[in-house]
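The chain contents come next:
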Amino acid sequence: MKLILTTLLLLATSTLFAQIKLEGVVKDSIGNPLELANVIAINQETKALDSYGITNDQGRYKLSLKKNATYKLQVSYIGMKTAEELFESKDVDLVKNITLQNDNTLDEINLVYEMPVVVRGDTLIYNADSFNKGTERKLGDVLKNLPGVEINDDGQIQVEGKVVTKIMVEGKEFFDGDSKLATQNIPSNAVDKVQILKNYAEVGQLSGVTNNQDNVAINIKLKEGKTNFWFGNVTLGGGASNQNGLYLIQPKLFYYSPEYSINTITDLNNIGEVTFTRRDYFNFTGGFRNPSRSSGTNINLGSNDLGFLTVQNNRAKDINTKFGGANFSWAANKALDLSGFALFSNSRTDLEENRDIQYTNPALGIPDESTTSNTTQRSDLGMLKLSAKYKPNTRNQLDYDILGRLSKESQDERFFSSVNGNIGQFENSSPYSISQNLNYYYTHNENHIFALEVQHVLQDEDPFYNAVLEDKENYDGTANNLGLDGAQLGYNIAQNKRVKSNQMDAKLDYWNILNTKSNINFTLGSVLSTQQFDSNIFQFLDDNSQFNPTPTINDGLDTNDIKYNFSDVYLGFHYRLKTGKFTFTPGASAHAYSAKNTQLNIQVTDNFFRLLPDFNMIMQLKKSEQVTLNYRMQTQFTDVSKFASGLVLNSYSALFSGNPELESALSHNINLNYYSFNMFNYTNVYAGLNYSKSIDNIRNTSVFEPGSVIRISSPFNSGFADESASANGRFQRAFGKIRASLSGNFNYSKFNQFIQNRLSINESFSQTYRTELRTNFKTAPNFELGYRYTIQDNNQGSNNTKFYTKAPSIEVDALILKSFTFKSDYSYTNFSNANGTINSYEFLNASLSYRKDKDAKLEYEIKATNLFNTKSQNNSNTGAISVSATEYFIQPLFVSFRLRYEL
């Protein structure tokens, strides 16, 4: 590995020293510098485009060229005649200033070579082939080559530090804009252009009256021959491991035409290639956003799913997945567009982990705990969405969406605790939800715009929990508190829960455009929510009968039957003003709140009025450089479960009883962001600061049994302010074919709670530093060097812990003899604390594929993952009352052979 690394570094260095610089200034005929002019250098011997550039705001350009070569310099600008000049490069840097003349003809500029990057207003257009190296196989590989575009650890696309909110193909949404499905499944050989749409407005009628600086969309333009024709690929594979046989079946088919599109994705495998994780499922909104999201009201309906771990390829012992998805769009006529998608995912995952847990304050008598667990998770997930957009003219637009989600989940866990002994835990749930959106946009005239947005959500969740405790003596204290029958071989306790939610969220907006610089916005909105929560705890006896115990604590209450009603009626006002480089949008919303919970024939009502201010400022320094400042005051409301008085089993060791007297919390949120993307030298800079302070936040008081990790918790409105702050930044710069980046993330949080009736102040500070060096050579092998260093520092009461993670990595890909593609990635991780290394592990994956040429239909590939057969990996986690270090056992060495056929 050291030899490979040294060779690659020498190759990169020698390439840099074998070049000279050509720079200069591009002006018009009266001497004004031209920003965003295109400059290309064509090698006259090879006829290849060796270098290109785009002028900055001072008209400057800079190109890297080979020594002792003949070039044609071509400079173009919209509305100007293209300038050309032949010259020879020597072994010294050159300066060439160019003057362009006005072009009064209407003929288009005819360029022999297509510019790699074109800037048109807020749109950046990348020519994919200008950046491709020949080893790309999917859209994600293409995007990683583009300056200013990143794929983060969660598979999301980021542009200039902003997460892409929508992805389209030929102007049609791909699975409702889900970027991860797009990056992993759209074939790279179908991509012609990548259009980055900054300041993207979902509704064109609102583009001039709303701030869209954080909205970024991507539109993929397909190559000629990929429209009005089925394209895609089918991959079949098999292999072996030291456990069982391996299989892989992945048909991916696409059809696009001006009238309609069809996308189908199928993926069946047992080698850990998870197309659609549970986290994707629960985060996949299908384009739904709450109308009240910017009103200052934050109400949480809660989530009662089973809380499965986020499974990645290296965090599970065994993974079997089946996924199928279909997406369509149809332009029924000029005014009506129909679209929709259907998704289904089936997975079975085996997990094995060891965990060491340190609780908040050992002096309080809470012992440290070591646990081991073996878990089997099963899940069937389904989603169906239908959408209609009716736009008879430019003044009217009506949108309707309906989205249904249904899942069936189960989790079977064998668990050992150093404190509580052997426990078996079983959970299942079959939740469903139906969401509907109705939006109507009406432009009365150029000065008066109206928008109506209505969303309805219906949700039903039914989680079941069962725990079997074999070592009775370790649970006797809790069993007595719960009133369990002690004359049994073990304690077999269970709980049924049912949570039904019904929420209507609606608002009506009116904009009055005062002039080209300012407008005012009035908003009338309402949120109406009803939740019903039922639960009961019972015991399975040895004869399989059920026993309903009466607790000796919590006033003997272990059942819940509660109804929670919430309403918010608000009126908002905002004024938007553009002046020079600044755009100011101050505003406020007046809210009349009512929160009411009813249980045990007792009703608790909280009615109050609150004024919530907010402020937004945009400072546009240059076309691709801006500073944004946001402030928002929010009222935060909890979900029904926090009000329920009866005992609830969050787990066998975590009992919970709600508080019907809870009130809302108030938070102040401020963030400052800086973005800059310099096309002159491809420097991409992002920095952000965030701060939040929450008053009367809902926190827990937890009481542990003496010498045990079993606790009973109840929520309360904390009289102490909770705070959190974060800072993150990224600097990226291109040096010819080499791109370097440096980034850092800092997160600090402080909150207060009560443990054993004593105040406990929890502080957490994490730091992550990353550096990366990546090449983009056309013919030479390419590599990506990375290093990540993380410090996780936690202070919980008198318990201080600090974990360190050091992780260097390298990726290599090479096109060999124009037919073989070699890819490999290696990473080493050292996980330690103040006492030394806890665990260190390394991963090596490699693949070698063959296709006759880039147009060949067949490709053969052999792929190996986890070549070192690493058994486990580690991470740390900070909870409300504990800090843990976890070892995950992972999949072994897999070797598979794959056959891929391109349609």
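Residues numbered from 1 in each chain as written. Predicted model: local features only at pLDDT ≥ 70, side-chain atom pairs only at ≥ 80, totals over all residues. Heavy atoms only, no water.

Caption draft 1: The overall build of the chain, seen in detail. Secondary structure summary: the chain contains six helices and 53 strands in total. Here the C-alpha radius of gyration of the chain, 30 Å, is about what a compact globule of 903 residues would show, namely 29 Å. Going through the 903 residues of the chain one by one, you find that 50% of them count as buried. Accessible surface for the chain amounts to roughly 40,000 Å². Of this, 53% is attributable to carbon and sulfur atoms. Put simply, the chain has 86 plus and 94 minus side-chain charges, and the middle of one group is 8 Å from the middle of the other. (Helix = DSSP H or I, 4+ residues; strand = E, 2+ residues; numbered from the N terminus. Rg over C-alpha atoms; globule rule 2.2 N^0.38 Å. Buried < 20%, exposed > 50% of the residue type's maximum accessible area, 1.4 Å probe, protein only. Areas by Shrake-Rupley, 256 points an atom, 1.4 Å probe, with all protein chains shown as cover. Lys, Arg positive; Asp, Glu negative; His and termini not counted. Charge placed at Lys NZ, Arg CZ, Asp CG, Glu CD.)

Caption draft 2: Local environment of unusual backbone geometry. One non-glycine residue, Leu-36, lies in positive phi territory at about 70°. Among the secondary structure elements, Leu-36 is positioned in the loop between β1 (19–27) and β2 (38–43). For Asn-554, which is not glycine, the phi torsion reads 55° and is therefore positive. With respect to the secondary-structure elements, Asn-554 resides in the loop between β32 (546–547) and β33 (559–579).

Caption draft 3: A look at the sheet that holds strand β12 (residues 157–159). Across the sheet, three strands lie side by side as β11-β12-β13; this open sheet has antiparallel pairing. On the outer flanks of this sheet lie β11 (149–151) and β13 (162–163), each paired with one strand and no other. Inspection of the sheet shows β11 paired to β12 by three bridges, in the antiparallel sense. Pairing of Glu-150 across the sheet is with Gln-158, part of β12. (Pairing = 2+ DSSP bridges.)

Caption draft 4: Representation of the packing of aromatic side chains. Within this structure, the stated rule accounts for 34 aromatic pairs. Ring centres 5.9 Å apart and planes at 70° place the aromatic pair Tyr-841 and Phe-843 in the edge-to-face group. Summarising the burial analysis for this pair, Tyr-841 and Phe-843 share the class buried. Looking at Lys-162, its charged tip hangs above the ring of Tyr-675, at a distance of 4.2 Å from the centre. Sitting over the ring of Tyr-491, Lys-472 keeps its end group 5.3 Å from the ring centre. (Phe/Tyr/Trp six-rings, centres within 6.5 Å; stacked < 30°, edge-to-face > 60°. Lys NZ or Arg CZ within 6 Å of the ring centre and 35° of its normal.)

Caption draft 5: Seen up close, the pattern of salt bridges. Going through the model one piece at a time under the given rule, you end up with 28 salt bridges. The shortest N-O distance in the salt bridge between Lys-622 and Asp-57 comes to 3.8 Å. Remark: Asp-57 occurs in the loop between β3 (49–54) and β4 (60–66) and Lys-622 occurs in strand β35 (residues 602–622); sequence separation between them is 565 residues. Overall, the relative accessible area of 41% leaves Lys-622 in the partly exposed class. Classification of Asp-57 as partly exposed rests on a relative accessible area of 33%. Note that Asp-129 and Lys-223 form a salt bridge whose closest N and O atoms lie 3.2 Å from each other. Here Asp-129 is found in helix α2 (residues 128–131), whereas its partner Lys-223 is found in the loop between β17 (216–222) and β18 (229–241), with 94 residues between them in sequence. Asp-129 sits in the partly exposed class, given a relative accessible area of 38%. Taken together, the shared-partner salt bridges connect Glu-150, Arg-730 and Arg-739 into one network. (Salt bridge = Lys/Arg side-chain N within 4 Å of Asp/Glu carboxyl O.)

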